[in-house]
Amino acid sequence: PGRQVNLGAALGVLKAAHEEYIRGFAIDYHLAVANAVFGSLLNEAEYLLSKGYHRAAAVLIGASLEEALKVRARAIPIEIKDKDTLVPVIHKLKAPGFNILTEVQSKRLEAIAHLRNDAAHGGAFDYKPEEVKEAFLEVQALLQRVLGTR
């Protein structure tokens with residue numbers, strides 16, 4: 001009440017936002033932010049690895065992988081349900097028509113998902129420190145690839 005709104009300016013902002021969305025700039029920005037966030041989680045995992053906390057590092061590696069792949073899938077867009085865990089998301093990203101992941105990459109990521117699950121859910125954690133470090137390096141490289149491009 002009592003305020004004047006410049007509809008022309010508001011329409012201009014909406015048109016500019018629509019143009020950025022059509023050209024993919026909004027998605028690029030969203031992926032860049034996701035890359036920074038999940039890169040930070042990986043930095044924490046790297047610190048934990050350096051201190052010998054391999055189980056905790058494996059949990060962070062898997063969590064960052066899962067959330068980053070969900071962000072990437074939604075940017076395509078691929079329907080991701082709230083209950084989708086890492087392995088179903090991997091399968092969706094390797095599906096024909098999307099081909100974000102190759103068959104070999106998906107198998108390696110499924111192994112990382114198992115490592116994360118073993119670390120997060122109690123039971124035996126019979127992984128060597130080198131295996132957790134390899135998982136870290138693989139996830140780090142993959143996140144740069146899948147979040148760095150559309």
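Residues numbered from 1 in each chain as written. Predicted model: local features only at pLDDT ≥ 70, side-chain atom pairs only at ≥ 80, totals over all residues. Heavy atoms only, no water.

Enquirer: Just checking my understanding: could you explain the side chain of Asp84 for this structure?
Expert: Looking at where Asp84 falls in the secondary structure, it is placed in the loop between α3 (54-75) and α4 (86-93). Overall, the relative accessible area of 12% leaves Asp84 in the buried class. Looking at Asp84, its side chain comes within polar contact range of the main-chain nitrogen of Lys81, at 3.0 Å. Setting aside residues up to four positions removed in sequence, Asp84 forms contacts with Glu66, Lys70, Glu79, Val89 and Lys92. (Helix = DSSP H or I, 4+ residues; strand = E, 2+ residues; numbered from the N terminus. Buried < 20%, exposed > 50% of the residue type's maximum accessible area, 1.4 Å probe, protein only. Polar contact = N/O pair within 3.5 Å; in protein donor to acceptor, adjacent residues only side chain to side chain. Contact = heavy atoms within 4.5 Å.)

Enquirer: In this structure, what is going on with the packing of α3 against helix α6 (residues 129-148)? I would like to understand it.
Expert: With their axes 10 Å apart at the nearest point, α3 and α6 run at an angle of 20° to one another. In terms of orientation, α3 and α6 fall into the roughly parallel class. Judged by the sense of rotation from one axis to the other, the crossing of α3 with α6 is left-handed. Along its contact with α3, which presents His54, Ala57, Ala58, Ile61, Ser64, Leu65, Ala68, Leu69, Val71 and Arg72, the element α6 presents Pro129, Val132, Ala135, Phe136, Val139, Leu142, Leu143, Val146 and Leu147. (Axes fitted to C-alpha atoms, helices over the stretch in contact; angles between N-to-C directions. Parallel < 35°, antiparallel > 145°, perpendicular 65-115°, else oblique. Left-handed = near helix turned anticlockwise from the far one by under 90°.)

Enquirer: Where do I start with unusual backbone geometry in this structure?
Expert: Where the residue is not glycine, phi is negative for most of them; where a peptide bond is considered, it is trans in most cases. Put simply, Ile76 and Pro77 share a cis peptide bond, and its omega is 5°. Its place among the elements puts Pro77 in the loop between α3 and α4. The backbone of Asn99 sits at a positive phi, close to 50°, despite the residue not being glycine. Within the element layout of this structure, Asn99 appears in the loop between α4 and α5 (103-120). On the basis of relative accessibility, which here comes to 54%, the residue Asn99 falls in the exposed class.

Enquirer: Any chance you could explain the packing of α4 against α5 here in plain terms?
Expert: Helix packing for two helices is described by the angle between their axes and how far apart those axes are. One way to put it is that α4 packs onto α5 with a least axis distance of 10 Å and a crossing angle of 170°. As the angle between them shows, α4 and α5 are arranged roughly antiparallel. Residue-level contacts link Leu86, Val87, Ile90 and His91 of α4 to Ser106, Leu109, Glu110, Ala113 and Arg116 of α5. Residue composition of the contact of α4 with α5, by class: five nonpolar, two polar and two charged. (Nonpolar A, V, L, I, M, F, W, Y, C, P; charged D, E, K, R; others polar.)

Enquirer: Which parts of the structure should I look at to understand the packing of aromatic side chains?
Expert: Here the distance between the centres and the angle between the planes together describe a pair of aromatic rings. Evaluation of the coordinates by the stated rule reveals one aromatic pair. Measuring from ring centre to ring centre gives 5.0 Å for Phe125 and Tyr127, while their planes differ by 50°; the resulting arrangement is tilted. (Phe/Tyr/Trp six-rings, centres within 6.5 Å; stacked < 30°, edge-to-face > 60°.)

Enquirer: Would you mind going over α3 with me for this structure?
Expert: An α-helix turns once every 3.6 residues. As a result, residues three or four positions apart point the same way. Under the 1.5 Å per step criterion, the end-to-end length of α3 is 31 Å for 22 residues, consistent within 8% with the ideal 32 Å. Most of α3 sits out of view: 16 of its 22 residues are buried. (Expected span 1.5 Å × (residues − 1).)

Enquirer: Explanation requested: the side chain of Glu110 in the structure shown.
Expert: Position of Glu110 among the secondary structure elements: in helix α5. Notably, Glu110 is buried but unbridged: the nearest opposite-charge side chain belongs to Lys107, and the N-O separation is 4.6 Å. (Lys, Arg positive; Asp, Glu negative; His and termini not counted. Salt bridge = Lys/Arg side-chain N within 4 Å of Asp/Glu carboxyl O.)

Enquirer: What is the right way to look at the nonpolar core in this model?
Expert: One broad rule of soluble globular proteins: the nonpolar side chains tend to lie buried together. Residues Ile61, Leu65, Leu69, Leu93, Leu109 and Val132 are the most contacted members of the largest nonpolar core, which totals 35 residues. Contributing elements (two or more residues each) for this core: α2 (25-50), α3, α4, α5 and α6. Counting residues per element, this core draws most heavily on α3, at nine residues. Apart from the residues within four sequence positions on either side, Leu69 is in contact with Leu86, Val89, Ile90, Leu93, Leu109, Leu142 and Val146. (Core = buried A, V, L, I, M, F, W, Y, C linked by side-chain atoms within 4.5 Å.)

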